[in-house]
Amino acid sequence: MTTRYLFTTAITIAVVSLLAACGSAKSTSAINLTAAQAKYPGYSMADFTTGQALYAANCGRCHPAFAPNSHTEAQWAKWVPKMVPMANKEAGTVAIDESGQELILKFLYAASH
Ligand code: HEC
């Protein structure tokens, strides 16, 4: 009985941690690109990882990198273009060009849908 209880508890903890891990930003391996591809035809896993890397490298330098689902699509559309020049200034180079900005917006969409 005790063994069975411990086993059930272990399984429950494993499932809960798994769900918690999915809560904020989906991991690259768990990402389902279907929604993003419906919105952005041709969107690929390579686009996703490029956007994710640009975001990770540039958008957590002054404040924590906000989770993709922390803001709505409309809010991201407002903030990202405002933040990109700041991120480039901080980097001292054009770390994010126009296509990079698009990839960041698409990454944020893909990671929260
Ligand atoms: C040079 C520092 C700096 C960098 C780099 C930077 N930010 Fe910001 N960010 C700020 C500051 C300062 C504010 C608050 C400014 C304001 O309210 O106008 C802010 C606010 C925000 C907000 C609004 C938070 C809220 O209250 O809802 C978002 C979203 C955001 N940044 C996203 C980004 C993204 C995406 C990037 C990468 C492209 C980025 N930031 C890079 C300094 C930075």
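By convention here, each chain's residues receive numbers from 1 onward along its written sequence. Restriction of local features to residues with pLDDT of at least 70 applies here, the model being predicted, together with a cutoff of 80 or more for giving and counting side-chain atom pairs; totals for whole chains, interfaces and linings are based on all residues.

S.K.: Explain the overall build of the protein residue by residue, including any values.
M.R.: Each helix is a run of DSSP H or I of at least 4 residues and each strand a run of E of at least 2, with the numbering of both proceeding from the N terminus. The number of helices and strands found in the protein is 5 helices and 0 strands. Counting helices and strands in the order they occur from the N terminus, the protein gives α-α-α-α-α. The exposure label follows from counting other C-beta atoms within 10 Å of a residue's C-beta, where the C-beta atoms are placed from the backbone and the thresholds are 20 or more for buried and 12 or fewer for exposed, leaving partly exposed in between. When burial is assessed residue by residue, the protein has 19% of its 113 residues classed as buried. In this description, any two residues whose backbone-derived C-beta atoms lie within 7 Å of each other are considered to be in contact. Partitioning the intrachain contacts of the protein with sequence separation of at least 6 by distance along the chain shows that 69% fall at a separation of at least 24.

S.K.: How would you summarise the site of the ligand if you had to cite specific residues and measurements?
M.R.: What makes a residue near a molecule or strand is its C-beta atom, placed from the backbone, lying within 6 Å of it. The local shell around the ligand holds 14 residues, among which C59, C62, W79, M83 and A87 are the closest. With 7 residues, helix α4 (residues 73-91) is the single largest residue contributor to the shell around the ligand. Asp, Glu, Lys and Arg are counted as charged, while Ala, Val, Leu, Ile, Met, Phe, Trp, Tyr, Cys and Pro are counted as nonpolar; the rest, among them Gly, fall into the polar class. Split by residue class, the shell around the ligand holds 9 nonpolar, 3 polar and 2 charged.

S.K.: Summarise helix α3 (residues 45-58); cite the residues concerned and give the values.
M.R.: By definition here, a helix of n residues has an expected span of 1.5 Å times n minus one. Helix length check: α3 (14 residues) gives 20 Å between terminal C-alpha atoms against 20 Å at 1.5 Å per residue, within 8%. Turning to α3, its buried residues are D47, G51, Q52, L54, Y55 and N58. One side of α3 carries all its buried residues, which in axial view fall inside an arc of 165°. With respect to the buried face of α3, the exposed residues turned more than 90 degrees away are M45, A46 and A56. As used here, the arc belongs to the directions running from the helix axis to the C-beta atoms.

S.K.: Quick rundown of helix α5 (residues 98-110)? Include the residues and the values.
M.R.: End to end, α5 covers 18 Å across 13 residues, agreeing with the expected 18 Å (1.5 Å per residue, within 8%). On its buried face, α5 sits against α2 (34-39), α3 and α4.

S.K.: Residue-level account of the nonpolar core, with values.
M.R.: Counting residues in each nonpolar core, the largest one holds 16 residues, and the members touching the most others are L54, Y55, I96, I104, F107, L108 and A110. Counting residues per element, the ones that place at least two in this core are α3, α4 and α5. Take this core: its biggest share by element is 6 residues, from α5. In contact with L108, other than residues within four places in its own chain, are P68 and W76. Put simply, a nonpolar core is buried Ala, Val, Leu, Ile, Met, Phe, Trp, Tyr and Cys residues tied into one set by C-beta atoms within 7 Å.

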